[in-house]
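# Descriptive analysis of the structure
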Amino acid sequence: MILHTMNTLLKSGESSAILGAVSTALDRSDEAPFWRQKSLPFCEAVLSALIPLREQHLLFDPEGNPRSELTHELFLRWCDLLSLRTLAFTLAKSNTAGKLLRTKIDTESYQPIDLEILGKYLSSYNVNLDNEMVDFPVTNYNLHIGMSTLLTKILEGKN
């Protein structure tokens, strides 16, 4: 049931509804409070970029290939910290250029996306937002693997 609900929410729901469903699933899970506290802001950061892309019909995967809808699979692909950093830089460059860059989507229709939530989140994990080539601490990457695993269980209805 939750898989159907999450897929429906990802395809058309508001960020607040998706976060509410994830929060409820986290509360019902047997995961330690540490993981629940970390995973919700992570989910919010990812959604802060993906929902506006979904609304503009400009979703793409980490390789830049167009995607027609926001599925749990696509959401989870962006949950990788390296991919999320790449998304932030892609959108920042696109906002500056006024068109979607670094993807295989050919469109002139692009509305800049507010990157405040995503930027604050990435900064809190020592991701350099000035230089894309600067690495971030491996411990932060490993932490995100744990959060991605938890979100995978939730989005796939296995919690």
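Above this text you will find the structure in question.
This section reports on the structure supplied with the text.

Each value, and the rule that gives it
Residues numbered from 1 in each chain as written. Predicted model: local features only at pLDDT ≥ 70, side-chain atom pairs only at ≥ 80, totals over all residues. Heavy atoms only, no water. Helix = DSSP H or I, 4+ residues; strand = E, 2+ residues; numbered from the N terminus. Rg over C-alpha atoms; globule rule 2.2 N^0.38 Å. Buried < 20%, exposed > 50% of the residue type's maximum accessible area, 1.4 Å probe, protein only. Contact = heavy atoms within 4.5 Å. Areas by Shrake-Rupley, 256 points an atom, 1.4 Å probe, with all protein chains shown as cover. Lys, Arg positive; Asp, Glu negative; His and termini not counted. Charge placed at Lys NZ, Arg CZ, Asp CG, Glu CD. Phe/Tyr/Trp six-rings, centres within 6.5 Å; stacked < 30°, edge-to-face > 60°. Core = buried A, V, L, I, M, F, W, Y, C linked by side-chain atoms within 4.5 Å.

Before going further, it helps to spend a moment on the overall build of the protein chain. Regarding its fold elements, the protein chain presents seven helices and zero strands. In the protein chain, the order of α-helices and β-strands from amino to carboxyl end is α-α-α-α-α-α-α. At 15 Å, the protein chain has a C-alpha radius of gyration in line with the 15 Å of a compact globule built from 159 residues. With respect to the three principal axes, the spread of C-alpha positions in the protein chain is 45 × 35 × 25 Å. Counting all 159 residues of the protein chain, 46% fall into the buried class. Considering only residue pairs separated by 6 or more positions, the protein chain has 64% of its internal contacts joining residues 24 or more positions apart. A total accessible area of about 8100 Å² is found for the protein chain, and carbon and sulfur atoms account for 52% of it. Counting 15 positive and 19 negative side-chain charges, the protein chain places the centres of these two groups 2 Å from one another.

Next up on the list: the packing of aromatic side chains. Taken as a whole, this structure holds five aromatic pairs when the rule is applied. Measuring from centroid to centroid gives 5.1 Å for F34 and W35, while their planes differ by 80°, and the two rings are edge-to-face. You can call F34 partly exposed: its relative accessible area is 41%. Look at W35 and you get partly exposed, because its relative accessible area is 24%. Taking the centre distance of 6.3 Å and the plane angle of 25° together, the rings of F136 and Y141 count as stacked. Overall, the relative accessible area of 11% leaves F136 in the buried class. Taken together, the ring pairs in this structure connect F42, Y121 and Y125 into an aromatic cluster.

Attention shifts here to the environment of T152. Locating T152 in the fold gives a position in helix 7 (residues 138–155). For T152, a relative accessible area of 24% gives the class partly exposed. Put simply, T152 and L76 are 76 residues apart on the chain and 6.8 Å apart in space, counted from C-alpha to C-alpha.

Ranked by internal contacts, the top residues of the largest apolar core, which has 49 residues, are L50, L53, F75, L87 and L91. The element contributing the most residues to this core is helix 3 (residues 33–55), with nine residues. Not counting residues up to four positions away in its chain, the partners in contact with L53 are L58, L59, F60, L87, L91 and I113.

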